[in-house]
Amino acid sequence: MNSIDFVTDQFGPLQKLIAKMRENPAPPGSWRVTPPDQLTKMLSRSLAHLTALKDAAIQYETQLKTREWKI
């Protein structure tokens, strides 16, 4: 759970960085950077997946804590 929260907290600075980006046309054959609108979509999709993972982890966390584990 702590790891998922840590990764989710790292999205804030990424959103600020993407907001500062601007798209520059590149000449053919040069390096290209993903446009900011696509980065925003990927970031929101990743956040949705992390939220779903956290919800599943919360559901199973209580089950794991209440089980009697045998060694």
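Residues numbered from 1 in each chain as written. Predicted model: local features only at pLDDT ≥ 70, side-chain atom pairs only at ≥ 80, totals over all residues. Heavy atoms only, no water.

### Concerning the overall build of the protein chain
What the protein chain contains, in helices and strands, is 3 helices and 0 strands. Against the 2.2 N^0.38 benchmark of 11 Å for 71 residues, the protein chain shows a C-alpha radius of gyration of 19 Å, more extended than a compact globule. When its C-alpha atoms are laid out on the principal axes, the protein chain stretches across 65 × 25 × 15 Å. Across the 71 residues of the protein chain, 10% fall into the buried class. Long-range pairs, those at least 24 residues apart, make up 60% of the contacts in the protein chain with a sequence separation of at least 6. Accessible surface computed for the protein chain: about 6500 Å², of which carbon and sulfur atoms make up 60%. Counting 10 positive and 7 negative side-chain charges, the protein chain places the centres of these two groups 6 Å from one another. (Helix = DSSP H or I, 4+ residues; strand = E, 2+ residues; numbered from the N terminus. Rg over C-alpha atoms; globule rule 2.2 N^0.38 Å. Buried < 20%, exposed > 50% of the residue type's maximum accessible area, 1.4 Å probe, protein only. Contact = heavy atoms within 4.5 Å. Areas by Shrake-Rupley, 256 points an atom, 1.4 Å probe, with all protein chains shown as cover. Lys, Arg positive; Asp, Glu negative; His and termini not counted. Charge placed at Lys NZ, Arg CZ, Asp CG, Glu CD.)

### Thoughts on the nonpolar core
Most often, soluble globular proteins have nonpolar side chains that are buried together. Core analysis: the biggest nonpolar cluster contains 5 residues, these being Ile4, Phe11, Ile18, Leu43 and Leu50. Elements with a minimum of two residues in this core: helix H2 (11–20) and helix H3 (36–66). Filtering out sequence-adjacent residues up to four positions away, Ile4 remains in contact with Leu50, Leu53 and Lys54. (Core = buried A, V, L, I, M, F, W, Y, C linked by side-chain atoms within 4.5 Å.)

### Examining the environment of Trp31
In this fold, Trp31 is placed in the loop between H2 and H3. Residue classification places Trp31 among the exposed positions, given a relative accessible area of 84%.

### Considerations on the pattern of salt bridges
Overall, the coordinates contain 1 salt bridge when judged by the stated rule. The salt bridge involving Asp5 is made with Lys54; its shortest N-O contact spans 2.7 Å. Of this pair, Asp5 sits in helix H1 (residues 2–9) while Lys54 is found in helix H3, placing the two residues 49 residues apart along the sequence. When its relative accessible area of 26% is taken as the criterion, Lys54 is described as partly exposed. (Salt bridge = Lys/Arg side-chain N within 4 Å of Asp/Glu carboxyl O.)

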